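Listed here are the chains, written in short residue letters.
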Protein chains: 2
Amino acid sequence: MNKPFSPDQADRTGVTTGPLPASRRIYTEPEGFPGLKVPFREIALHPSAEEPPVRVYDSSGPYTDPEAAIDVEAGLGRRRIDWVRQRGGVEAYEGREIKPEDNGGVGDKRLARAFPVRNEPLRGVDGHPLTQLDYARAGIVTAEMAYVAERENLGRKAMHDKARERLADGESFGASMPDFVTPEFVRDEVARGRAIIPANINHGELEPMIIGRNFLVKVNANIGNSAVTSSVEEEVEKMVWAIRWGADTVMDLSTGRNIHTTREWILRNSPVPIGTVPIYQALEKVDGDPVKLDWEVYKDTLIEQCEQGVDYFTIHAGVRLGYIHLTADRVTGIVSRGGSIMAKWCLYHHRESFLYERFEDICDIMRRYDVSFSLGDGLRPGSIADANDRAQFAELETLGELTRTAWDRGCQVMIEGPGHVPMHKVKVNVDKQLEACGEAPFYTLGPLATDIAPGYDHITSGIGAAMIGWFGTAMLCYVTPKEHLGLPNRDDVKQGMIAYKIAAHSADLAKGHPLAQDWDDALSRARFEFRWEDQFNLALDPDTALAYHDETLPKEAHKVAHFCSMCGPKFCSMKITQDVRDYAATLNDPDAMNRDEGMAEMAATFRQMGSELYVDEKATAPESGSRSD
Amino acid sequence: MNKPFSPDQADRTGVTTGPLPASRRIYTEPEGFPGLKVPFREIALHPSAEEPPVRVYDSSGPYTDPEAAIDVEAGLGRRRIDWVRQRGGVEAYEGREIKPEDNGGVGDKRLARAFPVRNEPLRGVDGHPLTQLDYARAGIVTAEMAYVAERENLGRKAMHDKARERLADGESFGASMPDFVTPEFVRDEVARGRAIIPANINHGELEPMIIGRNFLVKVNANIGNSAVTSSVEEEVEKMVWAIRWGADTVMDLSTGRNIHTTREWILRNSPVPIGTVPIYQALEKVDGDPVKLDWEVYKDTLIEQCEQGVDYFTIHAGVRLGYIHLTADRVTGIVSRGGSIMAKWCLYHHRESFLYERFEDICDIMRRYDVSFSLGDGLRPGSIADANDRAQFAELETLGELTRTAWDRGCQVMIEGPGHVPMHKVKVNVDKQLEACGEAPFYTLGPLATDIAPGYDHITSGIGAAMIGWFGTAMLCYVTPKEHLGLPNRDDVKQGMIAYKIAAHSADLAKGHPLAQDWDDALSRARFEFRWEDQFNLALDPDTALAYHDETLPKEAHKVAHFCSMCGPKFCSMKITQDVRDYAATLNDPDAMNRDEGMAEMAATFRQMGSELYVDEKATAPESGSRSD
């Protein structure tokens, strides 16, 4: 039996390590790219299953690999720096000096310990391709592209027939997922802007991943630092915990003190892309007063974060002066933090947003480090009443214009989306976004399908997220149960992640992703065959599945019992189904069951099979349950 | 400040009583039906809101009314018996004698205490209308019809214009919800079989409700008795707890000992319709061996439960002999308990199902008490792999045939549906059901959008439930987090209920129900105006919303603070929006914002308004959060 994750494993390194139950981290090497090690998780099944391990996508990084030496003080290995250097076009330089205001001007007493290692930053040199988009357009398959192709295929070396049948079974609304993802396909999708590989050249610790609607639907988790950072491990642990439960990217939305140092610790230990909202830090540098913001402080912040290795920036450049009054009659006005900062700035100065006016300059900075744009939806609706209104869609049109500008300047782009949207208004969001933004990947927060359930917004938004993922959203930003109410704790992060992994996987299934249903089928076979441990181990959250089962039937023996607590040992519908199956197998002509002839013989055959209704009568009878009929 | 529900309130009566926070139970009287008291919940808002209380549908029964005297030993008042007697066509009679096997042959020592009051049962007499369907067809509006019309309107006396605008905003997929529900509309919907009012003439305690796709989407909760019934209050409490959180009907899926007595206690204390699966009890009467079932024992069980007042029966008469082999190649075979019982019976005897063959006799029994059919989907899929297969849809065709038979014989009918269905296969389930079953109300379990998350199946199925409710399902059967794993406890029941109230309300919103969005808007206004207590009180689960908020900001003062824990007091996006609003209000010509002219003046105006970014700087700065940008 697999033990649930033991918390004392966390003590060794300061962060949570160790594999999930029955799981091991394996690596495969893409053909033609020796030395690339692409990670997966393999879930071992009980020998009675006579099935190979189930291989699933794994974003958890080396933390779940017992072979990996984890040292938060040293950070993860920076192998990707070699890839970047090998393809050239970059230069190392001294980099921007760290200033007191980068950490919110915090005094020595409260200053968090700096990350012990300093890496000289890289930047692109003029006249050379630098971004994944540059290389894709130049017809060059980068190591990152080969890596993500291998990853999306779950390490398969070729398409298998089963997958091909599967694909026909979805409704992809115009997405065109191939049966088998080649590096060339990845290159092509990146080249046309339909997918991005967020991968700052200074994020050497990165295990590359891809965001696009012809790939697996991804999930982002937001984390934020605490005002008083007593332990940097604690900050790193938030990221490690989120990726343990499947976060494909992590946004660091920290504000306040030690913001630079915290981000450094996170980046140096993160195998997933890290996103930020630079205006948050810029605001700290001007003492929290939006009207004091200007291009110089913003630009300085961009460069600071580019050098650190942030992989994508949320930039609310679509909040234009002329759109702000469109929000005046809303029930909840402007709910985006970045959006309201810019609205305040625009109104106070009565000027067009400097983010909009300086957008080309922003592109030129971000391109030198291959930081991807996540164009923020600063005017997204914060309530059902405000969904799909003029303000929201006016901004979306501008995001489309900015997308083309960024593409022209070699930058990768994705587009952020709402918010709070009732189900019947969800699809038009995707349709409009795809059209306005030339199919740039969509990245949405939920959306929440109703406003009436604070405390359960991982569920209200999980509904919208599953649907919008199905319709074409490439990455879903998770929402925790604490949304609108307070700060998520460790369990909230996990609850949000599981809800969003459900949404993303449901979307993959409905789109007809060729590999998605394999996981469902493996779990359902385990369920049908009473392989209880396999059922737990294949669950998105094995620990909770096991714990719930054990509340009713804690005995070890029950884990092999051919019954469950719903019907108990006296009666079992699954057992009857097995009888049906055995019986059907004896029929040469199934249609004979529809004829009157030979009924007596058939009944006799069935009885002779010794079909047994009662299974293991000696086992303890559990309480009867409230399962549906 | 409202206290969360205090558990000691439960001690007084053995069940949970008392209102939800800031709520009171009110009653209105439908025009033309003096004496009918139709219940609602009114949620009071803070005086600063200057808004009337928010009125919501209330299925919780007298338990949330402090004025009501609750005595589980006496049961609820049986006023509805008068309605039934007044319209005539019924006779009281001695009724079937209770036999030891009705309670699973349990010995005296373990026999649960009988309900103290015995009511003589009523049944219909030949040649008179009896069921709601009979009356509806005869053009007669019953008290039940007037009651549910009032209830669906939330007690409004007339349509209001706002509601009319709202309606245009949904996508109802052919449902046609009126702006205002008249008793005549209810009658018409019942007459054409598109809605049912499950209301056994012997369930005098009932507060009638309606199930149909032109009405609010309803939720059913399943409960089941424990093998050892030490306390009957405990059994009643399961029902009371489920309706407290919004269950519109409750299915008693008990098996084993004391099944008759438990049901009696539940019925005598239930204001909501109670459904059962009679084959479960019939099976108990033949020692749990399906092959020993026959028409006589089944018929005897039907009459037993009809006399007790059960409002609807799940009957798996669509599991025909000829369909059973269609399940042989499934990944999870037959997962319906009733379905597998009948499959076993059919195969063993190699005979057509006696439920199918005796269906007209079943109708004639159920009609005499006005027990509604819930035609069971015994061949529903139990995994993504088995969704929408031949077995499932073959059975659905038969359910259509049975619907017509039941209608011909004066019985009300709804149809049960799956199960496990990926999102892209959900809608066709509704379309086929509406067509095959002549628009009889659809009643679905979930469906689960993926199989990979045991422990979170309230979420996997909440996604499918919201969607299928939107597409036209009239009632959703909840799923708890323990589904597939164990027996739901009290908290699991609540979790399942909240997830399903979210799904049902999201469906109402998306369908364009004229009143649904009022609730969302009221909550969003409270959120925007920082009326924290109103936000909690308007939540589906006020206790959890309050508790989550207090984890971060426990102080009473924070409940009136114009900031929340996400952004803290130094910066607040909602405050900025208020500034935008004030500012926009000063503009005679909003388009002026798009012109260059007068910029300086405008900026000056904005500054003169003394717009303040910093709110209450003295308040404690909470930790910064991980809310999205």
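The name given to chain A in an unreviewed UniProt entry is Phosphomethylpyrimidine synthase, with Kaustia mangrovi as the source organism. Here is the UniProt Sequence similarities (unreviewed entry) comment for chain A, exactly as written: "Belongs to the ThiC family." Of the comments in the UniProt record for chain A, the one headed Pathway (unreviewed entry) reads "Cofactor biosynthesis; thiamine diphosphate biosynthesis."

Draft legend 1. Molecular detail of the overall build of chain A. For chain A, the helix and strand inventory stands at 21 helices and 15 strands. Going through the 629 residues of chain A one by one, you find that 69% of them count as buried. In chain A, the proportion of contacts linking residues at least 24 apart, taken out of those at least 6 apart, comes to 75%. With an accessible surface of roughly 20,000 Å², chain A has 49% of that area assigned to carbon and sulfur atoms.

Draft legend 2. Geometry of the UniProt feature "domain: ThiC-associated" (unreviewed entry) in chain A. Under the UniProt annotation, "domain: ThiC-associated" (unreviewed entry) lies at residues 19–91 of chain A. Helix makes up 12% of residues 19–91 of chain A and strand 25%, whereas the separation of the span's terminal C-alpha atoms amounts to 38 Å.

Draft legend 3. Spatial organisation of the side chain of Gln308 of chain A. Mapped onto the fold, Gln308 of chain A is located in helix H9 (residues 295–308). On the accessibility criterion, Gln308 of chain A (4% relative accessible area) is buried.

Draft legend 4. Inspection of the pattern of salt bridges at higher detail. Tallied over the full model, the rule gives 94 salt bridges over all chains. Of the charged contacts, one joins Glu439 of chain B and Arg213 of chain B as a salt bridge, the two residues approaching to 2.3 Å between their closest N and O atoms. Of this pair, Glu439 of chain B sits in the loop between helix H15 (426–436) and strand S14 (442–445) while Arg213 of chain B sits in the loop between strand S7 (211–212) and strand S8 (218–223); the two residues are 226 residues apart in sequence, bridging distant segments of the chain. Three or more residues joined by partner-sharing salt bridges are found here, namely Arg96, Lys99, Asp102, Arg263, Lys285, Asp300 and Glu304 of chain A.

Draft legend 5. Spatial organisation of helix H8 (residues 278–285) of chain B. Residue and element names in this part refer to chain B. Buried residues dominate H8, accounting for 8 of its 8 residues. Packing partners of the buried residues in H8 comprise helix H7 (259–268), strand S10 (274–276), helix H9 (295–308), strand S11 (312–315), helix H11 (337–349) and helix H12 (354–357). Asp287 occupies a position one or two residues after H8 and carries a positive phi of about 60°.

Draft legend 6. Examining the packing of helix H6 (residues 232–244) of chain A against helix H16 (residues 490–511) of chain A more closely. Residues and elements named next belong to chain A. At their nearest, the axes of H6 and H16 sit 9 Å apart, and the two run at 30° to each other. With respect to their mutual orientation, H6 and H16 come out roughly parallel. H6 and H16 meet at a crossing whose hand is right-handed. Residues Glu237, Trp241 and Ala242 of H6 pack against Arg490, Val493, Lys494 and Met497 of H16.

Draft legend 7. Region of interest: the sheet that holds strand S15 (residues 475–477) of chain A. Residues and elements named next belong to chain A. Taking strand neighbours around the barrel as the criterion, the 8 strands line up as S8-S9-S10-S11-S12-S13-S14-S15 in a closed arrangement whose pairing is parallel. Between one strand axis and the next, the sheet turns by 25° as a mean value, whatever way the strands run. Inspection of the sheet shows strand S14 (residues 442–445) paired to S15 by 3 bridges, in the parallel sense. Its bridge partner being in S15, Tyr443 is matched across the sheet by Met475. Across the sheet, helix H13 (residues 390–408) lies against strand S12 (372–375) and strand S13 (413–417), angled at about 165° from S13, the strand it touches most. The sheet contacts of H16 involve strand S8 (218–223) and S15, and relative to S8 the element is tilted by about 160°.

Draft legend 8. Quick peek at the environment of Asn222 of chain B. All names here are of chain B. Along the chain, the position of Asn222 falls in strand S8. Overall, the relative accessible area of 2% leaves Asn222 in the buried class. In sequence terms Asn222 and Asp370 are 148 residues apart; their C-alpha atoms lie 21 Å from each other.

Draft legend 9. The sheet that holds strand S3 (residues 54–57) of chain B, seen in detail. All names here are of chain B. With antiparallel pairing, the 3 strands of this open sheet are ordered in space as S1-S2-S3. The open sheet has two free edges, formed respectively by strand S1 (23–28) and S3, since each of these has just one partner strand. Direction aside, neighbouring strands of the sheet carry axes that sit 40° apart on average. Direction of pairing for S1 relative to strand S2 (residues 38–43): antiparallel, over a ladder of 6 bridges. Looking at S2, one finds that Tyr27 is bridged to Pro39.

Draft legend 10. Quick look at the environment of Tyr312 of chain A. All names here are of chain A. On the secondary structure map, Tyr312 appears in strand S11 (residues 312–315). Using a relative accessible area of 0% as the deciding quantity, one classes Tyr312 as buried. Separated by 54 residues in the primary sequence, Tyr312 and Met366 place their C-alpha atoms 9.0 Å from one another. Engagement of the side chain of Tyr312 in a polar contact is seen with the side chain of Asn220, the distance being 3.2 Å.

Draft legend 11. Up close: helix H6 (residues 232–244) of chain B. All names here are of chain B. Taking 1.5 Å per residue as the helical rise, H6 with its 13 residues ought to reach 18 Å, and the 18 Å between its terminal C-alpha atoms agrees with that figure. Among the 13 residues in H6, 10 count as buried, and that is most of the element. Among the residues making up H6, those that are buried are Val232, Glu235, Val236, Glu237, Met239, Val240, Trp241, Ala242, Ile243 and Arg244. Those residues of H6 that are buried lie in contact with S8, strand S9 (249–252), H7 and helix H17 (490–511).

Draft legend 12. Spatial organisation of the side chain of Arg268 of chain B. All names here are of chain B. Mapped onto the fold, Arg268 is located in helix H7. Since its relative accessible area comes to 3%, Arg268 is described here as buried. A polar side-chain atom of Arg268 sits 3.3 Å from the main-chain carbonyl oxygen of Asn202. Of the polar contacts made by the side chain of Arg268, one reaches the side chain of Glu264; its length is 3.0 Å. When neighbours within four sequence positions are excluded, Arg268 is seen to be in contact with Gly75, Leu76, Arg78, Phe115, Asn119, Asn202, His203, Glu205 and Gln308.

Draft legend 13. View of the pairing of S9 of chain B. Residues and elements named next belong to chain B. Neither face of S9 is exposed, since Thr249 and Met251 on one face and Val250 and Asp252 on the opposite face are all buried. Two strands pair when backbone bridges link them, and S8 and S9 are joined in this way by 4 bridges, in the parallel orientation. Within S9, the residue paired with Asn220 across the bridge is Thr249. Examined bridge by bridge, S9 and S10 share 2 bridges and lie parallel to one another. Its bridge partner lying in S10, Met251 is registered against Gly275.

Draft legend 14. Up close: the confidence of the model for chain A. All names here are of chain A. Overall, the predicted model of chain A reaches an average pLDDT of 88, with 84% of residues at or above 70. Every residue in residues 1–12 is under pLDDT 50, and counting partners more than four places away or in other chains gives 22 contacts. Throughout residues 592–599 the model reports pLDDT below 50, and contacts reaching past four residues in sequence, or to other chains, amount to 13 contacts. Our summary of model confidence lists the complex with pTM equal to 0.92 and ipTM equal to 0.92.

Draft legend 15. Inspection of the packing of aromatic side chains at higher detail. In the structure shown here, the tally under the stated rule is 26 aromatic pairs over all chains. Between Phe173 of chain A and Phe471 of chain A, the ring centres sit 5.2 Å apart and the planes meet at 80°, which makes this aromatic pair edge-to-face. Here the residue Phe173 of chain A occupies a position in the loop between helix H4 (161–167) and helix H5 (183–191), and Phe471 of chain A occupies one in helix H15 (residues 457–471), the gap between them amounting to 298 residues. An angle of 40° between the planes, with centres 6.1 Å apart, marks the rings of Trp532 of chain B and Phe536 of chain B as tilted. Of the two residues, Trp532 of chain B and Phe536 of chain B are both situated in helix H19 (residues 532–538); the distance of 4 residues between them amounts to about one turn of the helix. As far as burial versus exposure is concerned, Trp532 of chain B and Phe536 of chain B are alike and both buried. Chaining the aromatic ring pairs together yields one cluster made of Trp295, Tyr298, Trp345 and Phe354 of chain A. Here Lys432 of chain B stacks its cationic end above the ring of Phe393 of chain B, 4.7 Å away from the centre of that ring. Taking the ring centre of Trp245 of chain B as reference, the NZ or CZ of Lys494 of chain B above it sits at 4.2 Å.

Draft legend 16. Expanded view of the state of the cysteines. All names here are of chain A. Tallied over the full model, the rule gives 0 disulfides over all chains. Of all cysteine sulfurs, the one in Cys363 lies closest to Cys346, which takes part in no disulfide; the gap is 18 Å. In this structure Cys346 comes out as buried when scored by relative accessible area, which is 0%. With no disulfide of its own, Cys437 lies 14 Å from the sulfur of Cys363, the closest cysteine sulfur.

So, how was this worked out
- Residues numbered from 1 in each chain as written.
- Chains lettered and ligands numbered in written order.
- Predicted model: local features only at pLDDT ≥ 70, side-chain atom pairs only at ≥ 80, totals over all residues.
- Heavy atoms only, no water.
- UniProt positions renumbered as here; feature names shortened; annotations may be inferred.
- Helix = DSSP H or I, 4+ residues; strand = E, 2+ residues; numbered from the N terminus.
- Buried < 20%, exposed > 50% of the residue type's maximum accessible area, 1.4 Å probe, protein only.
- Contact = heavy atoms within 4.5 Å.
- Areas by Shrake-Rupley, 256 points an atom, 1.4 Å probe, with all protein chains shown as cover.
- Salt bridge = Lys/Arg side-chain N within 4 Å of Asp/Glu carboxyl O.
- Axes fitted to C-alpha atoms, helices over the stretch in contact; angles between N-to-C directions.
- Parallel < 35°, antiparallel > 145°, perpendicular 65-115°, else oblique.
- Left-handed = near helix turned anticlockwise from the far one by under 90°.
- Pairing = 2+ DSSP bridges.
- Polar contact = N/O pair within 3.5 Å; in protein donor to acceptor, adjacent residues only side chain to side chain.
- Expected span 1.5 Å × (residues − 1).
- pLDDT = per-residue confidence, 0-100.
- Phe/Tyr/Trp six-rings, centres within 6.5 Å; stacked < 30°, edge-to-face > 60°.
- Lys NZ or Arg CZ within 6 Å of the ring centre and 35° of its normal.
- Disulfide = S-S within 2.5 Å.

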